[in-house]
Structure formats: C-alpha cells, structure tokens
Amino acid sequence: MTSVVRGVVWIAALVGVCVAPLVFALIGATQPGQGFLTDFSVALGFVGLALMGVEFVLVARVRRVAEPFGTDAVIDLHRYLGGTGLLFVLVHVALSADWRQANPFTPSDTPPLVVVGGVAVVCLLALGATSVWRRGLRLSYEVWQALHTGLAVVAVVAAVVHVILVDHYVDTAWKRALWSLMALSFVGLLVWVRLVRPWRQRRRPWVVESVTADRDSTTVLTMRPQGHDGMRFEPGQFAWITIDGSPFRLTSHPFSFSSSAEVHDQVQMAIKAVGDFTSSVAHVAPGTVVHLDGPHGVFSIDQYEGAGFGFVAGGVGIAPAMSMVETLADRGDARPVLLFVGARDADNVILADRIEALRARLDLAVVVALENPPEGWTGERGYLGREVFERHLPRGYERFQYFACGPVPMLDAVEKALVALGVRGDRIHTERFDWV
C-alpha cells in the first residue's frame, strides 16, 4: 500500500472514529421535551471524547500512522485536535449544565456523572494550560511530559465513565459494549506504549561507545548495539532515547541520527545543550546503557527521487543533513549535492571537520553563511535566503530534492525563497524543532 493510499485510509478512519460514537449514541436517544441545544451539546461532547481518543493514537509513535504525513504534520494535528476537542467539551458543558440550580460544590450532594465529568474537564484545562504555557510556567520537559500523560489518561477515563453514567445515551447493551470497547482500546494502547514497547527495547540495549565534544555546546554520542544486530534506519530519521535508566521511564527524548545509514554496527546523535537533559549529555560516561525507540520519520532522501540534493541546516539541524550526506558518500552516489549551513559565527558550525572531509568523497558544494563573520571572511554573510540560493544553486536546481532542518523562522524563510525561485513545494521537505 502506497503512502498516499495509507494517508487516505487514516484520514477516513479519523473521520469514522469521530462520527461513529455520535451516530450510535444518538440512535433512539431522543427524550420527550429534549430540544435542539441539548442534542447539539451531546453531539459536541461525543465528538470531543472521540478526538481525545485519536490524540492517544497520534502520540503513540506508531510508524504506520506517521509515515504518510510526516512526524511534523502528525504533531501539528495533535495540537490542533487537542485544542478543538477541548473547545467542543467546554461548549458541551456550557450548554448541558443547568446553571439555575448550580450550587457550591459539595461531593456528597453532587451526582457521580457530574463529578467525573468535572474531573475530565479540569484535567483537560490543566493539560492545555501546561502545554501552551509550559515555558512560562518553567516546567521542565520531563515534568511536563509526565503531567501530560497523567492528565490525559485521567481525562479520558473520567469522560468515558461520564458517558456511561448518562444512562439514556447508553441504555442498551450494544451501546455499553461500544463504549467499553473504546475504553479498552485506550487502555490497550497505553499498555502497548508504556509496557510492551519498553519491554521490547529493554531486550535490545545499546552502549555508549564514545562521547565527543563538538562546537556550539554540542555533544556527539556514538552508540553500539549490545547483544543484537543494531538498527536499520533511513538517513535523516530519528529515534527517542533513554539514557542510563529503564525504558519504562515516562520520559524519553527525540534526536536525529547524525551518522550514515550504511554503518550498521553503531549509530551517532549530535545533541546540543539547550536544557536540563541535553546539558547532561556531555557528562555521560562511555559504557552507559541506553535504549532507543526508532527509527521514526520520513525526512529522508530514501523517500524521494531527484537529480540532486540540496540541504539547508541551521544549528544542530546539521545532524540529519550529515546523516544523509554521509550516506550518499558511503553509497558512492554521483549526483550533485549542495549543503547550506547557517550559524552565528565560525565557532558555531557544528560537525565542521566531518563536513570538510566529505568534499573529497562527493560532488559536494558547501556554503556557510555567518551572522557574525570574522575579519577576512570571504563566505556568505547574514541569513540563508533567496539571494544566497541564487548565487549558488546550479543549473537544473529545480529538479533537486531539498531538505531543511533548523529553527522554525529559518525554515519558513527557506521554503518561501525556494518556491520563489521556481522549486515546487513537493520537492521541499522540512523538519522543525518545535514539538514541545
């Protein structure tokens, strides 16, 4: 099945999951005196709950789900559906509640369906607030991820119980069976993500072979498989890593491979110190056991055909580009390759020595643009953009495949510049560093 067909199938499944519970719940559910607003409120509540279930699937790292769209698109959809589902639930509460009889909350006098419904809403509000304002609240990634998981599970379970307690919408055995199946599906997915998959990773550990300091506060981890045959990945892909701990831990971190996909007895990741976890990587000792969940992603030269390749990297975005360029060199690929690198100054060009060594192995042109160039610098100055591309793109560049990775503002500018120069949008592929 092609990626396009799989994408259509998953989109149809998404629509079906959102609509089916509503249709089944409302069959024969209308009560005497029940008006349009009540039915509309119920509809929003059911769809909101279905969207919460879809959210679990989107973040479960299921490769077959992500491959047709790309990881960036799946993460964006997760954010969009999360906000949309929360909006539906809040409107459902506003329309369903009998505000005339509202009293101060007293658990003993409050119906159970209201209690569990309230728990679900509070958890969803807390989940949204901690996600949108995580940095303002100064929540570390590890704390946020644990909160995100816990709040999401409680919200979904409470919402399902709330639906079951609203008896006239699930007043038959088959309707109760449907909602029980949905609840079991959520639990099953959680068991897969938090128990089965970590158990499989535990049986395939990796060991840190070397820890190498690079420029711009970046550390290169070289890892080799311990007791297994390693990992086959496509150049440009990434994996989630857990260092010096159990794979059953709630927190893991995604990083691109920075090594050639043709080397199977080891993998490398270039990790820049930008937070608590990434700053600790430099202190990892050789021999430390790590666990990898991957490979993931479709940001890879193996997914597309072109007359040549253009890579645009900002900062540590050089990691997946390096993986793809070194793989081309190891394969003896004769097609032209351009590598555009953007950095603050000459000391911030990550993996510079490896880039230079590749010139002798490929038809490779390297263009470095520095925001703060040193005296006597003869290369490009400022930011990567249309003028820089115009000066260096060769004849026939419109038929190249382009891969850009780095900060979001840079990627937006690169996409705009390449399109303005006549490159089709489907030949421009990006990986964005704004997942959390």
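A quick note: this is a predicted structure, and the numbers were derived from the prediction, not measured.

Participant: Could you give me a rundown of the overall build of the protein chain, with the residues and numbers involved?
Facilitator: The helix and strand tally for the protein chain stands at 12 helices and 12 strands. Burial status across the protein chain gives 47% buried among its 436 residues. A fraction of 75% describes how many contacts in the protein chain between residues 6 or more apart in sequence connect residues 24 or more apart.

Participant: Just give me the short version of the sheet that holds strand S5 (residues 267–272), but keep the residues and values in it.
Facilitator: The sheet built from six strands is open, its strands ordered S4-S3-S6-S1-S2-S5 with antiparallel pairing. Of all strands in the sheet, those bounded by a partner on one side alone are strand S4 (253–256) and S5. Within the sheet, the average angular offset between the axes of one strand and its neighbour, ignoring direction, is 40°. The sheet contact formed by strand S3 (residues 238–243) and strand S6 (residues 289–296) spans five bridges and is antiparallel. If you follow phenylalanine 238 over to S6, its bridge partner there is histidine 296.

Participant: So what's going on with the packing of helix H4 (residues 71–96) against helix H5 (residues 112–132)? Residues and values would help.
Facilitator: Their axes nearest at 11 Å, the elements H4 and H5 cross at an angle of 140°. Relative to H5, H4 is oriented so that their crossing is left-handed. When H4 is examined against H5, the residues Leu86, Val89, Leu90 and Val93 are found in contact with a partner set consisting of Val121, Leu124 and Leu125. Taken together, the residues that form the contact of H4 with H5 break down as seven nonpolar, no polar and no charged.

Participant: Could you give an account of the pattern of salt bridges, with specific residues and numbers?
Facilitator: Taken as a whole and assessed by the stated rule, the structure comprises 15 salt bridges. Here aspartate 229 and arginine 204 are joined by a salt bridge, their closest N and O atoms 3.2 Å apart. Pair noted here: aspartate 229 is in the loop between strand S2 (218–225) and S3 and arginine 204 is in the loop between helix H7 (173–202) and strand S1 (206–214), with a separation of 25 residues, a long-range link. What makes aspartate 229 exposed here is its relative accessible area of 53%. For arginine 204, a relative accessible area of 35% translates into the label partly exposed. Across the pair arginine 224 and glutamate 209 runs a salt bridge, and its minimum N-O distance is 3.7 Å. Taken as a pair, arginine 224 in strand S2 and glutamate 209 in strand S1 lie far apart in primary sequence, 15 residues in all. Take glutamate 209: its relative accessible area is 39%, and that puts it in the partly exposed class. Among the charged side chains, a salt-bridge network with shared partners connects Asp216, Lys272 and Arg344.

Calculation rules
Residues numbered from 1 in each chain as written. Predicted model: local features only at pLDDT ≥ 70, side-chain atom pairs only at ≥ 80, totals over all residues. Heavy atoms only, no water. Helix = DSSP H or I, 4+ residues; strand = E, 2+ residues; numbered from the N terminus. Buried < 20%, exposed > 50% of the residue type's maximum accessible area, 1.4 Å probe, protein only. Contact = heavy atoms within 4.5 Å. Pairing = 2+ DSSP bridges. Axes fitted to C-alpha atoms, helices over the stretch in contact; angles between N-to-C directions. Left-handed = near helix turned anticlockwise from the far one by under 90°. Nonpolar A, V, L, I, M, F, W, Y, C, P; charged D, E, K, R; others polar. Salt bridge = Lys/Arg side-chain N within 4 Å of Asp/Glu carboxyl O.

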